[in-house]
Amino acid sequence: MSVRQQVRALSAGDRAILEAQLVDGERPMADWFATFAALAGVDAAVGAGRARTTRHLCFGWLGLLVGAFVLLLLLPIAALVLLLVGLPVLALLHGRARELRAIDLANGPMETLPPLLSLLAADTPPERPVTVRADLREPTIDAKRTGEQDRPVTRPVLSLKWTFFANPWLELRTRFADGAAVRVEVTEHVRRATRIKTNPRGKRKLKVKHKRRVQLDVQVAFPRRRYALAPVAPGTVSAADRERVVEGEDRIVVRERAVFKETGSGGAIQPHRIVDLLAAAYRRVEPAKGGRL
Amino acid sequence: MSQPSATRGCACKRGFFVLRDCGAAPTTTCASCARPVCDEHRADGGRGATCVECAARAVEEEALGQLRDGMRVAPDQPPSVAPAEAAEPLARYRHRYYRRHGYEPIWWARPDASWSADDVRWFDADEDPGGFGDS
């Protein structure tokens, strides 16, 4: 199925999400999963389509320029005909590439959300609405830029500029079957380093590198009517870098935060990192009464 | 395979961090643990009609054997399957996660002997914390 057919097969709501690349709403978990699974399918086709179009454009421009140059020497009228035919074709391909780029979703949310939703669905009653706010745009777009910094350099580096991006791409709220209110947030901070170098002959090179720092925040508010705070066993190793526990009158709020750094930007987050944080929150409580859900 | 008793619901457990009874109407009985099982929690893959929990345990034992033999096992990631079809892969992931990460789920279900080998946390008013002063 072509990309256009796949896009047309989406429901009106899913198509609106694909075009806006922003998600904000409340639905049952199974509906969210269906939406993100359908969007992930389209996104995979869009990614393949973009790669194909880029390849066609590269070969097209190369063929056109070389062909026109050769024909100009041998038969100038044929070169003119080639340009008249080739240029509109390339313009169409550029239009297609732009069209695909507009609906290409970021890989991070599309690869992370389906398994995460599938897992959280196990603890969420099927009919209960789940709030999802997700930003499916690429992390290094202008709208997410937070600042720039020129860094001091020494030769052979001529200039080094850092550009910073903040990308809070997920906020998910649900209430589990045991009454625990769960909030999951993912924020990605990207630093793009643009470096211009020169070699002894004066040739200049531009190098761009990305580094990202991903912050995962999980908050679980446990109802006091079911749970009590558990003592921490000495020597327990937690998946979280930071943990905060607040005991209220009717609930115990456990906040877990984990931060990891890696090169590149916009990649998927291993869902087990979020599972580990939720498990760390559940390790901080124990049942305070008997019974069944 | 035998017909289950109609008085009790499906004995498989729903949930990951917290376990609760499935409670759906059972349609069959697990060939391995003899518990009543609903259609959602029935695993038919190659081991006869067992429940997804017995199937998960069997698959994990097999994977553990392969790991001992130096073979690679499937990555430790939650399954990306629609919630309605996730019972079997989720039971497998759940079993693996509990074993590898030492996570003890909170038990909000009726007592179940088939989980006696697994560590779970439940409220026990008569539980004696023990200690050095006991003897």
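Residues numbered from 1 in each chain as written. Chains lettered and ligands numbered in written order. Predicted model: local features only at pLDDT ≥ 70, side-chain atom pairs only at ≥ 80, totals over all residues.

Q: Would you mind going over the nonpolar core with me for this structure?
A: A general trend in soluble globular proteins is that nonpolar side chains are found buried together. All names here are of chain A. The biggest cluster of nonpolar side chains holds 84 residues, and the ones touching the most others in it are Leu117, Val220, Leu277 and Leu278. Counting residues domain by domain, this core receives three or more from each of domain 1 (1-105) and domain 2 (106-287). Those residues in contact with Leu117, other than ones at most four positions away along the chain, are Met29, Trp32, Phe33 and Phe36. (Core = buried A, V, L, I, M, F, W, Y, C linked by C-beta atoms within 7 Å. Buried ≥ 20, exposed ≤ 12 C-beta atoms within 10 Å, placed from the backbone. Domains from an automatic or database assignment. Contact = placed C-beta atoms within 7 Å.)

Q: I'm lost on the domain arrangement of chain A in this one. Help?
A: Interfaces are often sized by the amount of accessible area the parts lose when they come together. Residue and element names in this part refer to chain A. If you check the domain split of chain A, you get domain 1 (1-105) and domain 2 (106-287). On the side of domain 2, 21 residues touch domain 1, which itself brings 18 residues to the contact. If you list the elements that add at least two residues to the side of domain 1 that touches domain 2, you get β1 (22-28) and α3 (29-74). Among the elements that line the side of domain 1 that touches domain 2, the one with the most residues is α3, at nine residues. Considering only residue class, the side of domain 1 that touches domain 2 consists of twelve nonpolar, two polar and four charged. (Helix = DSSP H or I, 4+ residues; strand = E, 2+ residues; numbered from the N terminus. Nonpolar A, V, L, I, M, F, W, Y, C, P; charged D, E, K, R; others polar.)

Q: What's the story with the UniProt feature "transmembrane region" (unreviewed entry) in chain A in this structure? I'm lost.
A: In the UniProt entry, the feature "transmembrane region" (unreviewed entry) is given for residues 61-93 of chain A. Helix makes up 97% of residues 61-93 of chain A and strand 0%, and the two end C-alpha atoms of the span are 11 Å apart. (UniProt positions renumbered as here; feature names shortened; annotations may be inferred.)

Q: I keep staring at the pairing of strand β2 (residues 18-21) of chain B and nothing clicks. Help me out?
A: As a general feature of sheets, a regular strand has side chains that alternate between the two faces. Residue and element names in this part refer to chain B. In this sheet, β2 lies alongside strand β1 (residues 13-14) in antiparallel orientation, the contact comprising two bridges. Paired with Lys13 across the strands is Asp21, a residue of β2. Between β1 and the antiparallel strand that follows it, β2, lie three residues; Gly15 among them carries a positive phi value of about 105°. Note: β2 against strand β7 (residues 106-108), three bridges, orientation parallel. (Pairing = 2+ DSSP bridges.)

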